[in-house]
Amino acid sequence: MTTPAAAVHATLDPALQALLCRMPKAELHIHIEGSLEPELIFALAQRNGVALPYANVEALRAAYAFTDLQSFLDIYYAGASVLLHEQDFHDMAWAYFQRAAADHVVHAELFFDPQTHTERGVAMGTVVQGLVSACERAQRELGVSSALILCFLRHLSEEAAFETLEAALPYRQHFTGVGLDSSERGHPPEKFARVFARCRELGLHVVAHAGEEGPPAYIESALDVLKVERIDHGVRCVESPALVQRLAALRMPLTVCPLSNVKLCVYRTMAEHQLPALLAAGLCATVNSDDPAYFGGYINQNFVETFAALPQLGRDHAYTLARNSFQASFVPAETKQRWVAALDAVFAEA
Ligand code: HPA
Ligand SMILES: [Zn+2]
């Protein structure tokens, strides 16, 4: 295992940094394919005889200079091409869980993108069973609980999403909800109105990426048309004060990913990130890693770099963000209460 914990930050108060790292938290926005580190990509490429268009780990890492979401997605899908067998999916997720446990993540809700794999001829069961066995191992060996959220790729058709749902139904008990990811601009939530309606009928939780690169109107249609229970990213809501008010009144969770936003040029610098404004408006914001292998760090790195760049964020915000992560998770109320009590205990002694 390499670099599981956040690097010590030179300018952040050490006591606050220690608290951010040690506090129990849930991660609600992590694309498991985005946790595939370059070293593992190369190891799996070799194991599976897959040719990569990069000479070595360093050359691959050097390509991680993104200008927008699409420039990232092109490389992210190329990286996922090394995943062929159940063991590959297991190894990828297990590596993530070890890092998450080191960051005091007690619960993670993992996005996975089956179409990225089924389009290459990998069976749905291979993907799901590989991930499920890693989730079970994480509970057993690390005490980390988890759930899977199947994401539809929004640049593909509604028909393809329906086919994916159909292929996934034999594994219905293994995923708790569905999401919507990939290229946002030009692919508004309403494109998937019918497939999300079907998913709701099936009793699945529903979430969607909206307002990362797309306009506030996409957040509104995710709420009104898809009837989502969380908005992934959602940071562009700040452009519409009425929408901010609505999200606050609903206590609609936003799964914010600060390092991702900077790496994909949603913000020029972390100091410009709107997390403080979201919290000040009373929104149920959470901090998450999105695609940690590509964006420069896991969840604690996100907390540390965000708090270091935004000195108006302090101990109370840390507590609120961790509590929000539990409240926004898809687990029974008693479990949330137990986690919040553990969080309270950490803050009481810090
Ligand atoms: O940040 C993201 N946005 C949209 N789609 C994605 N798929 C992986 N990461 C992302
Ligand atoms: Zn995402």
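Not measured: the values here are computed from a predicted model.

Considerations on the overall build of the protein
Counting its secondary structure elements, the protein contains 17 helices and 8 strands. In terms of its C-alpha atoms, the protein occupies a principal-axis envelope of roughly 50 × 45 × 40 Å. When burial is assessed residue by residue, the protein has 49% of its 350 residues classed as buried. Of the contacts made within the protein by residues no fewer than 6 positions apart, 76% connect residues no fewer than 24 positions apart.

Digging into the UniProt feature "domain: Adenosine deaminase" (unreviewed entry) in the protein
The UniProt record annotates "domain: Adenosine deaminase" (unreviewed entry) at residues 24-344. Within the segment residues 24-344, helix and strand shares are 51% and 15% respectively, and the terminal C-alpha atoms sit 10 Å apart.

Here we look at the UniProt feature "site: Important for catalytic activity" (unreviewed entry) in the protein
The positions UniProt marks with the feature "site: Important for catalytic activity" (unreviewed entry) are His233. Note on placement: His233 falls in strand 6 (residues 230-233). According to the C-beta neighbour criterion, His233 is buried, with 28 such atoms within 10 Å. Residues in contact with His233, not counting those within four places in the same chain, are His209, Ala210, Gly211, Glu212, Thr255, Val256 and Cys257.

Description of the sheet that holds strand 6
As summarised here, the arrangement of the 8 strands in space is 1-2-3-4-5-6-7-8, forming an open sheet in which the pairing is parallel. If you trace the sheet from one side to the other, it starts and ends with strand 1 (25-31) and strand 8 (284-287), each paired once. Strand-to-strand twist in this sheet, taken as the mean axis angle between neighbours without regard to direction, amounts to 25°. Summarising the sheet, strand 4 (residues 177-181) and strand 5 (residues 205-210) pair through 2 bridges and their orientation is parallel. In the sheet register, Val178 faces strand 5, and the bridge partner there is Val206.

Re the packing of helix 16 (residues 315-327) against helix 17 (residues 333-349)
The description of two packed helices rests on the angle between their axes and on the distance between the axes. Close contact between helix 16 and helix 17 brings their axes to 9 Å; oriented N to C, the two are set at 165°. With respect to each other, helix 16 and helix 17 are oriented roughly antiparallel. Note that helix 16 runs across helix 17; the crossing there is right-handed. Residue-level contacts link Tyr319, Ala322, Arg323, Phe326 and Gln327 of helix 16 to Lys336, Trp339, Val340, Leu343 and Phe347 of helix 17. Per-class residue counts for the contact of helix 16 with helix 17 are 7 nonpolar, 1 polar and 2 charged.

Some points on the environment of Asn288
Within the secondary structure, Asn288 sits in the loop between strand 8 and helix 14 (292-295). You can call Asn288 buried: it has 29 C-beta atoms within 10 Å. When the C-alpha atoms of Asn288 and Ala63 are compared, they prove to be 23 Å apart, with 225 residues separating the residues in sequence.

Describing the nonpolar core
Counting 103 residues, the largest nonpolar core has Ile32, Ala93, Leu110, Phe112, Leu131, Ile149 and Ala222 as its most contacted members. Not counting residues within four places of it along the chain, the set of residues in contact with Ala93 comprises Ile32, Leu110, Leu131, Ala134 and Cys135.

What to know about helix 8 (residues 158-168)
Turning to helix 8, its buried residues number three or more, namely Ala161, Thr164, Leu165 and Ala168. Along helix 8, the residues classed as buried sweep out an arc of 100° about the axis, all on the same side. Facing away from the buried side of helix 8, by more than 90 degrees, are the exposed residues Glu159 and Glu166. In this structure, the buried residues of helix 8 make contact with helix 6 (114-118), helix 7 (124-142), strand 3 (145-153) and helix 9 (193-201).

Regarding the packing of helix 5 (residues 86-102) against helix 7
The contact between helix 5 and helix 7 brings their axes to 7 Å, and the two run at 35°. Once helix 5 is placed against helix 7, the crossing between them reads as right-handed. On helix 7, the residues that touch Glu86, Gln87, Asp88, Phe89, His90, Ala93, Trp94, Phe97 and Ala101 of helix 5 are Thr126, Val127, Gln129, Gly130, Leu131, Ser133, Ala134, Cys135, Arg137, Ala138 and Leu142. When grouped by side-chain class, the residues that make up the contact of helix 5 with helix 7 number 11 nonpolar, 6 polar and 3 charged.

A few points about the pairing of strand 7 (residues 253-256)
In strand 7, alternate side chains face the same way, and those of Pro253 and Thr255 on one face and Leu254 and Val256 on the other are all buried. As paired elements, strand 6 and strand 7 share 2 bridges and run parallel to each other. Each residue of the ladder has a partner; that of Ile231, found in strand 7, is Leu254. Running through helix 11 (residues 241-250), the crossover from strand 6 to the neighbouring parallel element strand 7 is right-handed.

Digging into the environment of Ala95
The residue Ala95 is located in helix 5 in this model. Ala95 sits in the buried class, given 21 other C-beta atoms within 10 Å. In sequence terms Ala95 and Leu40 are 55 residues apart; their C-alpha atoms lie 9.1 Å from each other. In contact with Ala95, not counting residues within four places along its chain, are Ser35, Glu37 and Leu40.

Cut-offs applied
Residues numbered from 1 in each chain as written. Chains lettered and ligands numbered in written order. Predicted model: local features only at pLDDT ≥ 70, side-chain atom pairs only at ≥ 80, totals over all residues. Helix = DSSP H or I, 4+ residues; strand = E, 2+ residues; numbered from the N terminus. Buried ≥ 20, exposed ≤ 12 C-beta atoms within 10 Å, placed from the backbone. Contact = placed C-beta atoms within 7 Å. UniProt positions renumbered as here; feature names shortened; annotations may be inferred. Pairing = 2+ DSSP bridges. Axes fitted to C-alpha atoms, helices over the stretch in contact; angles between N-to-C directions. Parallel < 35°, antiparallel > 145°, perpendicular 65-115°, else oblique. Left-handed = near helix turned anticlockwise from the far one by under 90°. Nonpolar A, V, L, I, M, F, W, Y, C, P; charged D, E, K, R; others polar. Core = buried A, V, L, I, M, F, W, Y, C linked by C-beta atoms within 7 Å. Arc of directions from axis to C-beta. Right-handed = clockwise from strand over helix to strand, strands pointing away.

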